[in-house]
Amino acid sequence: MKLACQLNDILPGTGVCALIEGRQIALFRPSAAAEVFAIDNRDPFFAANVLSRGLICEHDGELWVASPLKKQRFRLSDGHCFDNPAMSVQSYPVEVRDQQVWVAV
């Protein structure tokens, strides 16, 4: 696992981007709780590193991020694309320890 950031670097309800081993990883903190999700930051529809700036939403009891470009949704738990499963993104295991966010890449 690699240290990505401090938990307080991610405001509740938002995402940030961390560069870990040369990869842009989008980190999301859906609420004030210490739960964080990690997926690739690259939007596969437009080959742009923008997912960390997307909007967190809930659909059928699951958390998704809507790309800021054309709003395709990616499930935070596993990177599955709601709109086109062939365009899903990589997800990464995350641990929060002592207010630090660790990601396995």
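Every value quoted in this text rests on a predicted model; they were computed, and no experiment measured them.

**Points about the pattern of salt bridges**
Piece 1. Under the counting rule described, the total for this entry stands at four salt bridges.
Piece 2. As a salt-bridge pair, Glu 62 and Arg 75 come within 3.3 Å of each other at their nearest N and O atoms. Taken as a pair, Glu 62 in strand 8 (residues 62–66) and Arg 75 in strand 9 (residues 73–75) lie far apart in primary sequence, 13 residues in all.
Piece 3. Judged by relative accessible area, which is 16%, Arg 75 ranks as buried.

**Description of the UniProt feature "domain: Rieske" (unreviewed entry) in the chain**
Piece 1. On the UniProt side, "domain: Rieske" (unreviewed entry) is annotated at positions that read residues 2–103 here.
Piece 2. Split by type, residues 2–103 is 0% helix and 49% strand. Its first and last C-alpha atoms lie 5 Å apart.

**A word on the sheet that holds strand 8**
Piece 1. Spatially, the three strands line up as an open sheet ordered 7-8-9, and their pairing is antiparallel. Two strands bound the open sheet, and with one partner strand each, they are strand 7 (55–59) and strand 9. Geometrically, the sheet is characterised by an average inter-axis angle of 40° between neighbouring strands, direction not taken into account.
Piece 2. Of the strand pairs in this sheet, strand 8 and strand 9 are connected by three bridges, and their pairing is antiparallel. Along strand 9, the bridge assignment pairs Val 65 with Phe 74.

**Some words on the environment of Leu 11**
Piece 1. Along the chain, the position of Leu 11 falls in the loop between strand 1 (2–6) and strand 2 (14–20).
Piece 2. In the structure, Leu 11 is positioned 20 residues away from Ser 31 in sequence and 8.4 Å away in space, judged by C-alpha atoms.

**Describing the nonpolar core**
Piece 1. Listed in full, the 12 residues of the largest apolar core are Cys 5, Leu 7, Ile 10, Ala 18, Ile 20, Ile 25, Leu 27, Val 36, Ala 38, Tyr 92, Val 101 and Val 103.
Piece 2. For this core, the secondary structure elements donating two or more residues are strand 2, strand 3 (23–29) and strand 12 (100–103).
Piece 3. Discounting chain neighbours no more than four positions away, the residues touching Ile 25 are Val 16, Cys 17, Ala 18, Ile 20, Ala 38, Ile 39, Asp 40, Asn 41, Tyr 92 and Val 105.
Piece 4. One finds Phe 37, Leu 51, Val 65 and Cys 81 within the second-largest nonpolar core, a separate group that totals 10 residues.

**Structural notes on the packing of aromatic side chains**
We describe a pair of aromatic rings using the distance from one ring centre to the other and the angle between the two ring planes.
Piece 1. With the rule as written, the count across this model stands at two aromatic pairs.
Piece 2. Where Phe 45 meets Phe 74, the ring centres are 6.3 Å apart and the plane angle is 55°; that geometry is what we call tilted. On the criterion of sequence distance, the pair formed by Phe 45 in the loop between strand 5 (42–43) and strand 6 (48–49) and Phe 74 in strand 9 is long-range, its members being 29 residues apart.
Piece 3. Given a relative accessible area of 0%, Phe 74 falls into the buried group.
Piece 4. Ring geometry for Trp 64 against Phe 82: centres 5.5 Å apart, planes inclined by 85°, an arrangement best described as edge-to-face. Here Trp 64, found in strand 8, pairs with Phe 82, found in the loop between strand 9 and strand 10 (91–92); they are 18 residues apart in sequence, far enough to count as distant.
Piece 5. A residue is classified by how much of its surface remains accessible, and Phe 82, at 36% relative accessible area, is partly exposed.

How each quantity is defined
- Residues numbered from 1 in each chain as written.
- Predicted model: local features only at pLDDT ≥ 70, side-chain atom pairs only at ≥ 80, totals over all residues.
- Heavy atoms only, no water.
- Salt bridge = Lys/Arg side-chain N within 4 Å of Asp/Glu carboxyl O.
- Helix = DSSP H or I, 4+ residues; strand = E, 2+ residues; numbered from the N terminus.
- Buried < 20%, exposed > 50% of the residue type's maximum accessible area, 1.4 Å probe, protein only.
- UniProt positions renumbered as here; feature names shortened; annotations may be inferred.
- Pairing = 2+ DSSP bridges.
- Axes fitted to C-alpha atoms, helices over the stretch in contact; angles between N-to-C directions.
- Core = buried A, V, L, I, M, F, W, Y, C linked by side-chain atoms within 4.5 Å.
- Contact = heavy atoms within 4.5 Å.
- Phe/Tyr/Trp six-rings, centres within 6.5 Å; stacked < 30°, edge-to-face > 60°.

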